[in-house]
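One-letter residues, chain by chain:
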Amino acid sequence: MVAVSKRDALLEKARRKQFLDAAAETIKAIRKELFAEQLEIIDDPSENKGILGTRRAGKTETWPRYMVMTALMNPGCIVRVWAASRARCKELVWLKTLDVCNRHLIEHEAHGTDLRITFENRSEIRFVGADKDKEAQKKRGDGTVLEIVLESQSFGPFLEKLVEDIVEPSLFAARASVTLRMKKGGKRPEQGGEVGTVCLEGTPGPVCTGYWYWVTGDDGSEKKKRWVSVGRKLKYDEETEETKGLGWSCHRIHVRNNPFVPGALEELARTMIRKNWNVKNPTYQREWRAVWVTDHDALYYKWNSVRNSYEISDEFHPWGKGWSHVLGWDVGFNDAMALVVWGWHENDHTLYEAASWSENHVTAQPVVDKIREFQARFNIIKMVADTGGGGKVFVEEVQNRHSLVFAPAQKSDKFGHVTLMNDDFITSRIKTLTGSELSRDLGGLIKDRDWDPTSGKPPESDPSAHEFSHTTDAALYAWRYAHSFLATLAPPVRPKEGTEEYMKLIEKEYDERMAKPVAKQEFWEADPDYEANQEWHDD
């Protein structure tokens, strides 16, 4: 460690004070550009903030000012903003942030190639994309003081990994310093100088499930402007459970409160007439009221979080006597490896997800270890793997080295098989485990928004290219080999004779028999009911 003289320390302290004094006046000027709802978001002292907004509510105008103020108040810090892709991040906030710096005469240097803005106090704002998981993982080592995620609804299941595996660890040192300062009797940083804060913003997604919903989902009341998220309690097995999305400070921001969009309500009324919307239209509710509603027509799979979900309990779990299982494996290289296990009982037509797992950038050994774990837990009678492309060599190597046998996945006519699988979802013949990897992917996989009408494919035949579907592919491969439809339903168990339940059943059967119309009989025909009820026999 290099020793610092007392004189140098005093000079550095004086230099920082000079920067902060100059920043204070600039921050006052920037704050005057914001309206009340935007200032409430910035002044909220919470570490985790969720901002649920309508279109044109002023969310995007908030973040450039928030980032610049934070950078000015924290010399040498890193502020980072995320979007679904790097190009989208640049499109949304790059020029707006430069405009704030230029208008307020803030000394800065823009690096357009790698999308960075550096300031005279050595602080830095970075504009990044999360479209490639491998690139996103490289950001894990950055120590940041403020993280902002734009359009959170577009991240799908990856949002949870982004926040918990990359964003929050990057904020750890900053949060620790604030905790230490408060323990010694100090205060949190002043307005615009937040340290250790993450903000997720966006409109509601098409389905009321997933990490974005767990963070910002509420009782569906548009009138509620502020609330604290209750999250979602997830139980993975008898011993493992956790709560996701708990304790976020949530804000709802509406276009009608944006003073820079005059006549917003009148234009919205004309839009509703032009598109023939009523107030219950899912798109209107999500985009223009910022209210969570489920629009199952937007999903690639007809999965419903209420109809097609179950939880493991002591009374019910999909393994044990009478259960059979199939395992599907979607092979990934740059993308995730995924495993899904389906189970069905010999006396039940319903197919249950017994387990699912996915991991990015893993070698063969972790996959084999997980398969061995599933084989020990379940009665796996068939294993199916994606052997298309480079997957064939990979799967064959695993088979040879580890004595595992996989049938090749049937990948022809995917859309036709998805249609059949959707019938099982609609008729409640498939149940997935609440909060599992598979449930999250099913709830986030939407139809292709950018369907090309000249492609020759129906608009619903392929999910959006940027969506994550590794576990759903593994589930589809295994579903084709699941024979739950061959199950023999067990006969109903009659109550014990003499019990109250038995007497009620006898009365019900009698009422049903008496309600039957009497068939017309000729006088010479025997009465079957009469003969069946005789208690005597010929000697």
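Remember, predicted model here, so these are calculated numbers, not experimental data. (Residues numbered from 1 in each chain as written. Predicted model: local features only at pLDDT ≥ 70, side-chain atom pairs only at ≥ 80, totals over all residues. Heavy atoms only, no water.)

Draft legend 1. Geometry of the overall build of the protein chain. If you tally the helices and strands in the protein chain, you get 17 helices and 16 strands. Split into buried and exposed, the 539 residues of the protein chain put 48% on the buried side. As displayed, the protein chain offers around 28,700 Å² of accessible surface, 52% of which is attributable to carbon and sulfur atoms. (Helix = DSSP H or I, 4+ residues; strand = E, 2+ residues; numbered from the N terminus. Buried < 20%, exposed > 50% of the residue type's maximum accessible area, 1.4 Å probe, protein only. Areas by Shrake-Rupley, 256 points an atom, 1.4 Å probe, with all protein chains shown as cover.)

Draft legend 2. Quick look at empty space enclosed by the protein. A full pass over the atoms with the stated rule returns 2 cavities of 30 Å³ or more. In this structure, the largest cavity encloses a volume near 270 Å³. If you go around the largest cavity, you meet 22 residues; those closest to its centre are Q153, G156, T209, G443 and G444. Of all the secondary-structure elements, those providing two or more residues to the lining of the largest cavity are α6 (158–170), α8 (211–216) and α14 (437–444). Grouping the amino acids of the lining of the largest cavity by side-chain chemistry returns 9 nonpolar, 9 polar and 4 charged. In this model, the second largest cavity occupies a volume close to 50 Å³. (1 Å grid on protein atoms, 1.4 Å probe; cavity = no way out; pocket = protein on both sides within 12 Å on 5 of 7 lines; lining within 4 Å. Points joined across faces, edges and corners; volume = space filled by probe spheres on them. Nonpolar A, V, L, I, M, F, W, Y, C, P; charged D, E, K, R; others polar.)

Draft legend 3. Geometry of the sheet that holds strand β11 (residues 323–330). In space, the 7 strands of this open sheet follow the order β10-β16-β13-β12-β11-β14-β15, with mixed pairing throughout. The open sheet terminates on both sides in strands that have one partner only, identified here as β10 (309–310) and β15 (407–408). In this sheet, strand β12 (residues 336–345) lies alongside β11 in antiparallel orientation, the contact comprising 8 bridges. Across the sheet, residue S324 finds its bridge partner in β12, namely W344. (Pairing = 2+ DSSP bridges.)

Draft legend 4. Molecular detail of the pairing of strand β6 (residues 146–149). Because side chains alternate across β6, one face comprises the buried residues L146 and I148, and the other comprises E147 and V149, equally buried. Where strand β2 (residues 78–83) lies against β6, 4 bridges are found, and the strand directions are parallel. Looking at β6, one finds that W82 is bridged to V149.

Draft legend 5. Here's a closer look at the packing of helix α2 (residues 36–43) against helix α3 (residues 59–73). Look at α2 against α3: their axes get within 11 Å of each other, and the N-to-C directions meet at 40°. In terms of axis orientation, α2 runs oblique to α3. Every pair of crossing elements has a handedness; the one defined by α2 and α3 is right-handed. Contact residues: Q38, I41 and I42 in α2; E61, T62, W63, Y66 and M69 in α3. For the contact of α2 with α3, the per-class residue count stands at 5 nonpolar, 2 polar and 1 charged. (Axes fitted to C-alpha atoms, helices over the stretch in contact; angles between N-to-C directions. Parallel < 35°, antiparallel > 145°, perpendicular 65-115°, else oblique. Left-handed = near helix turned anticlockwise from the far one by under 90°. Contact = heavy atoms within 4.5 Å.)

Draft legend 6. Summary view of the layout of surface pockets. In this structure, the second largest pocket encloses a volume near 450 Å³. Surrounding the second largest pocket, 24 residues form its lining, R56, G58, K59, T60 and E61 being those nearest its centre. At the level of secondary structure, the elements contributing two or more residues to the lining of the second largest pocket comprise α3 and α4 (86–103). A per-element tally of the lining of the second largest pocket places α3 first, with 4 residues. Along the lines of polarity and charge, the residues of the lining of the second largest pocket split into 7 nonpolar, 7 polar and 10 charged.

Draft legend 7. Structural context of the pattern of salt bridges. Considering all chains together, one arrives at 28 salt bridges under this definition. As a salt-bridge pair, R65 and E61 come within 3.3 Å of each other at their nearest N and O atoms. In this pair, R65 and E61 are both assigned in helix α3, 4 residues apart and thus about one turn of the helix distant. A relative accessible area of 10% means that R65 is categorised as buried. A relative accessible area of 32% means that E61 is categorised as partly exposed. The partner of R116 in a salt bridge is E124, and the shortest N-O contact between them spans 3.4 Å. The exposure class assigned to R116 is partly exposed, which follows from its relative accessible area of 22%. Here the salt bridges do not stand alone but share partners, grouping R80, D114, R116, E124, R126, D142 and E147 into one network. (Salt bridge = Lys/Arg side-chain N within 4 Å of Asp/Glu carboxyl O.)

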